[in-house]
Amino acid sequence: MMQPVSMLPPSLSMLEQLPGCWGCKDKNSVFVYANSEYCRLVGLKHPQECIGKTDHDMPCPTIACADQFQAQDKQVMETGKRLRVLDIHPYANGRWYAHLFTKTPWYDEAGNICGVVFCGQELSDTAILEVGHWICRAVTHPNDHPLDAPSHPSDIHLTARESEVLFLHLYGKKPQLIAQTLGVSVKTVENHFAHLREKFSVESKAALIERALALGFGSLIPERLLTKQVSVVLRD
């Protein structure tokens, strides 16, 4: 029997009030709860409809990546460490969206891992990396004037593939995994990095991140990434 939202424990019902997509799954990756925003995304009308379902049961094209989602859940539960995942999929309304999902261990009252808690923010709505970048700049360079910073990346023109490599690099992917994700060789990815360093006038990949974030590239999603479903673990 499905449990009404009003009857859920406070720790779960509170998720309904938070922005973004939130929810939790048990040890078998079965949904215990997901908030309304997540349910709308995957094509469910009410949070109760997700209870007892798995990623394979959702009325949404994301079922193509259900095995990957469950493998990520398993990794979180086995390691006790959180994962950050870049997800790009078509959802129930037929539109493509890119999200940053964070998956963390869910502990019971005895301190044992009993599942996974997940949360996601749509990238087009939140310039997550830029916010962190400018906070760091404010702390480490307090005398810099924010208006001195470039506000738009229009002066730097990238090829479609360079945009993809840069985007995945900014969100923590290593060259080997960028190559795997894009279906190219590592050498090809490194050649793209060489061109990117030249275009951004920097000497290293770390400086490339700094410069690209300052120009606002962190929230520009390459169009070609919005044609193929992607669910990749970041900072691996």
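Below or above, wherever it landed, is the structure these notes cover. Only a predicted model underlies this, so the values are computations on that prediction, with no experimental measurement involved. (Residues numbered from 1 in each chain as written. Predicted model: local features only at pLDDT ≥ 70, side-chain atom pairs only at ≥ 80, totals over all residues. Heavy atoms only, no water.)

**Some thoughts on the packing of aromatic side chains**
Ring pairs (aromatic) are described by centroid distance and by the angle formed between their planes.
No. 1: Summed over the entire model, instances satisfying the criterion amount to six aromatic pairs.
No. 2: The interplanar angle of 85° and the centroid separation of 5.9 Å between the aromatic rings of Phe31 and Phe118 together place this pair among those described as edge-to-face. Linking Phe31 in strand β2 (residues 31-34) with Phe118 in strand β5 (residues 113-122), this pair joins segments that are 87 residues apart in sequence.
No. 3: Relative accessible area serves as the criterion here: at 4%, Phe118 is assigned to the buried category.
No. 4: What links up through ring pairs into an aromatic cluster is the set Phe31, Tyr38, Phe101 and Phe118.
No. 5: Residue placement shows Lys205 over the ring face of Phe193; its charged tip is 4.6 Å from the ring centre. (Phe/Tyr/Trp six-rings, centres within 6.5 Å; stacked < 30°, edge-to-face > 60°. Helix = DSSP H or I, 4+ residues; strand = E, 2+ residues; numbered from the N terminus. Buried < 20%, exposed > 50% of the residue type's maximum accessible area, 1.4 Å probe, protein only. Lys NZ or Arg CZ within 6 Å of the ring centre and 35° of its normal.)

**Quick look at the packing of helix α6 (residues 175-182) against helix α7 (residues 186-200)**
No. 1: It is at 8 Å that the axes of α6 and α7 come closest, and there the two elements cross at 110°. As judged from the angle between their axes, α6 and α7 are roughly perpendicular. Contacts from Pro175, Gln176, Ile178 and Ala179 of α6 reach α7 at Val186, Val189, Glu190 and Phe193.
No. 2: When the residues that make up the contact of α6 with α7 are grouped by side-chain class, the tally is six nonpolar, one polar and one charged. (Axes fitted to C-alpha atoms, helices over the stretch in contact; angles between N-to-C directions. Parallel < 35°, antiparallel > 145°, perpendicular 65-115°, else oblique. Contact = heavy atoms within 4.5 Å. Nonpolar A, V, L, I, M, F, W, Y, C, P; charged D, E, K, R; others polar.)

**Observations regarding the side chain of His169**
No. 1: Note that His169 resides in helix α5 (residues 160-170).
No. 2: The exposure class of His169 is buried, given its relative accessible area of 10%.
No. 3: Engagement of the side chain of His169 in a polar contact is seen with the backbone oxygen of Lys205, the distance being 3.3 Å. (Polar contact = N/O pair within 3.5 Å; in protein donor to acceptor, adjacent residues only side chain to side chain.)

**A word on the sheet that holds β5**
No. 1: Read across the sheet, six strands follow the order β2-β1-β5-β4-β3-β6 without closing on themselves; strand pairing throughout is antiparallel. Only two strands of the sheet have a single neighbouring strand rather than two, namely β2 and β6 (230-234). For this sheet, the mean angle separating the axes of adjacent strands, direction not counted, is 20°.
No. 2: Where strand β3 (residues 83-90) meets strand β4 (residues 96-107), eight bridges bridge the pair, whose relative direction is antiparallel. Paired with Asp87 across the strands is His99, a residue of β4. (Pairing = 2+ DSSP bridges.)

**Digging into the pairing of β3**
No. 1: Along β3, eight of the eight residues are buried, which leaves the element largely enclosed by surrounding structure.
No. 2: Burial along β3 is two-sided: the residues Leu83, Val85, Asp87 and His89 and Arg84, Leu86, Ile88 and Pro90 are all buried.
No. 3: Counted along the chain from β3 to the antiparallel partner β4, the turn is five residues long, and its residue Gly94 has a positive phi close to 90°.
No. 4: Judged from the five bridges that link them, β3 and β6 form a sheet pairing that is antiparallel. Directly across from Val85, in β6, lies its bridge partner Val233.

**Topic: the environment of Met58**
No. 1: Inspection of the secondary structure assignment puts Met58 in the loop between α2 (36-42) and α3 (66-79).
No. 2: Using a relative accessible area of 4% as the deciding quantity, one classes Met58 as buried.
No. 3: Along the primary structure Met58 and Ala92 are separated by 34 residues, whereas in three dimensions their C-alpha atoms are 9.2 Å apart.
No. 4: If near-sequence neighbours (up to four positions away) are discounted, Met58 is found in contact with Phe31, Val42, Leu44, Cys50, Lys53 and Ile63.

These figures come from the coordinates and say nothing about function on their own.
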